[in-house]
Amino acid sequence: IHNTEVIEQLLIEQKIDLGMIEGLSKNKSFQYTPFIKDEIVLVASANHPLAHKNSLSIAEVKNIPLLLREPGSGTLEIIAFELKNLGIKLNDLKLEMQLANTESIKGYLLHSNCMAFVSIHSVLQELKNKTLVVIDVKNLNILRDFYFIQSRGEQAAIANLFLKFAKHYNFK
């Protein structure tokens, strides 16, 4: 589990044969295979004072302590891009902390009054258990695709077998 930059570097160094990233890199030495569609949503602990609100304006979000992914994260990049379309820079947000993975963000959320933008796929269990809630942000829809990424050229047979398995059996 790493951010997009690290996954790309591991492929370049031939330390991995296959990775999964959000969005497409500009590096032409990689081959991308679409996997699933995703939505990034704003989540908070079910105990958060604003958890009962159906939606927030972007102005309200600017005043809430937020957890974000670390620099180099594809998730952070797409959040920044979509906020920029609304005239908001990451520096305009009330940043509590940047963390290296979604699991640490979810754990922190459970014991704080912060909110975070995360993949809807990453919080399905917490939503089912009612420990986290999704809070709609008016006029903000963050959609993305997940891709498998491989170096161009001859591929490892096991990587191709896994890719075929994942595309056939997951998220149907």
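As the structure is a prediction and not an experimental result, all values here were calculated from the model.

Along the chain, Leu76 falls in helix α3 (residues 74-85). Note on Leu76: relative accessible area 8%, which makes it buried. For the pair Leu76 and Gln98, spaced 22 residues apart in sequence, the C-alpha separation works out to 9.7 Å. When neighbours within four sequence positions are excluded, Leu76 is seen to be in contact with Leu68, Arg69, Glu70, Pro71, Leu90 and Gln98.

Let us now look at the pattern of salt bridges. Side chains that carry opposite charge are capable of pairing whenever their charged atoms lie near each other. Applying the stated rule across the entire model yields eight salt bridges. Here Lys53 ties to Glu60 by a salt bridge, and the two come within 3.1 Å at their closest N and O atoms. By relative accessible area, Glu60 is classed as partly exposed at 31%.

Relative to the assigned elements, His48 resides in the loop between β2 (30-45) and β3 (55-56). With sequence-adjacent residues up to four places away left out, His48 is seen in contact with Asn113, Cys114 and Met115.

Evaluated as defined, the whole model comprises four aromatic pairs. Ring centres 4.8 Å apart and planes at 55 degrees place the aromatic pair Phe35 and Phe148 in the tilted group. Taken together, the residues Phe35 in strand β2 and Phe148 in strand β8 (residues 142-151) connect sequence positions 113 residues apart. Summarising the burial analysis for this pair, Phe35 and Phe148 share the class buried. Taken together, the ring pairs in this structure connect Phe35, Phe148 and Phe162 into an aromatic cluster.

All right, on to the environment of Asn85 then. In this fold, Asn85 is placed in helix α3. A relative accessible area of 53% places Asn85 in the exposed class. Distance in space between the C-alpha atoms of Asn85 and Leu67 is 20 Å, their sequence separation being 18 residues.

Procedures and definitions
Residues numbered from 1 in each chain as written. Predicted model: local features only at pLDDT ≥ 70, side-chain atom pairs only at ≥ 80, totals over all residues. Heavy atoms only, no water. Helix = DSSP H or I, 4+ residues; strand = E, 2+ residues; numbered from the N terminus. Buried < 20%, exposed > 50% of the residue type's maximum accessible area, 1.4 Å probe, protein only. Contact = heavy atoms within 4.5 Å. Salt bridge = Lys/Arg side-chain N within 4 Å of Asp/Glu carboxyl O. Phe/Tyr/Trp six-rings, centres within 6.5 Å; stacked < 30°, edge-to-face > 60°.

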